[in-house]
Protein chains: 2
Amino acid sequence: MVDHLDPTPLPRQLASILRAAIEEGEYQRGDPLPSESTLVQEHGVSRGVVRQAMEILRYEGLVVTIQGRRSYVARTR
Amino acid sequence: MVDHLDPTPLPRQLASILRAAIEEGEYQRGDPLPSESTLVQEHGVSRGVVRQAMEILRYEGLVVTIQGRRSYVARTR
DNA sequence: GAGAATTTGTACGTATGTATG
DNA sequence: ACATACATACGTACAAATTCT
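Residues numbered from 1 in each chain as written. Chains lettered and ligands numbered in written order. Predicted model: local features only at pLDDT ≥ 70, side-chain atom pairs only at ≥ 80, totals over all residues. Heavy atoms only, no water.

Visitor: Quick one: what's the story with the layout of surface pockets, residue by residue and with numbers?
Guide: Its boundaries defined by the atoms lining it, the largest pocket holds a volume of some 960 Å³. Along its surface, the largest pocket is lined by 20 residues, and Arg51, Gln52 and Glu55 of chain A together with Gln52 and Glu55 of chain B are the ones closest to its centre. Contributing elements (two or more residues each) for the lining of the largest pocket: α1 (10–23) and α3 (47–59) of chain A together with α1 (10–23) and α3 (47–59) of chain B. Top contributing element to the lining of the largest pocket by residue count: α3 of chain A, with seven residues. Partitioning the lining of the largest pocket into residue classes produces eight nonpolar, three polar and nine charged. (1 Å grid on protein atoms, 1.4 Å probe; cavity = no way out; pocket = protein on both sides within 12 Å on 5 of 7 lines; lining within 4 Å. Points joined across faces, edges and corners; volume = space filled by probe spheres on them. Helix = DSSP H or I, 4+ residues; strand = E, 2+ residues; numbered from the N terminus. Nonpolar A, V, L, I, M, F, W, Y, C, P; charged D, E, K, R; others polar.)

Visitor: For the protein's contact with DNA strand C, give the residues involved together with the corresponding values.
Guide: Taken together, 22 residues lie near DNA strand C, and Leu10 and Arg69 of chain A together with Arg47, Arg51 and Arg69 of chain B sit nearest. The protein-proximal atoms of DNA strand C, defined as those within 4 Å of the protein, are 72% sugar or phosphate. A distance of 2.6 Å separates a phosphate oxygen of DNA strand C from a polar side-chain atom of Arg51 of chain B. Within the contact set of DNA strand C, a sugar or linking oxygen lies 2.7 Å away from a backbone nitrogen or oxygen of Arg69 of chain B. At the level of elements, α1 and α3 of chain A together with α2 (36–43) and α3 of chain B are the ones that each hand at least two residues to the surface near DNA strand C. (Near = heavy atom within 4 Å. Polar contact = N/O pair within 3.5 Å; in protein donor to acceptor, adjacent residues only side chain to side chain.)

Below, the structure written as structure tokens:
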């Protein structure tokens, strides 16, 4: 869970959480991640934070995002 | 000037404008760029747009930003 | 050194547009 | 057509770092 008292910016915290979930196989290659609004509710952060977290994971090549659909775990890497 | 009718996202438009100004020598290596609030006023965009434009230029290695100071034209590249 | 002003950093909320289901 | 989901842009508030008085 993200920690508002931890000085680490929330997007980085959330990215770490999702990265760990991917690496532990909770989301497999090609699987969709939860939607932005779902992540907002589940983690108690704003949509902006969720989007920045996704941006981090996209930059790392871990996920790809498709407008109108979802963010998916990248197949290649 | 940024163009709200141009479908190109405003941060990319502004980044292009600043990149051109740097390449044309308007801002030299080590020079500070205008502050965020100045760019907001001069270009008629929100602060978020200015910050995203700077993020693009940082990613390109063209500028470096220091909290409480300014963004500066990178010396190295 | 203290305090105010300036500047960048983080986070939130809202509105509207675009693409997909 | 409607609902869902991501994209862009605005505004606000406060924190943190720096600079100026």
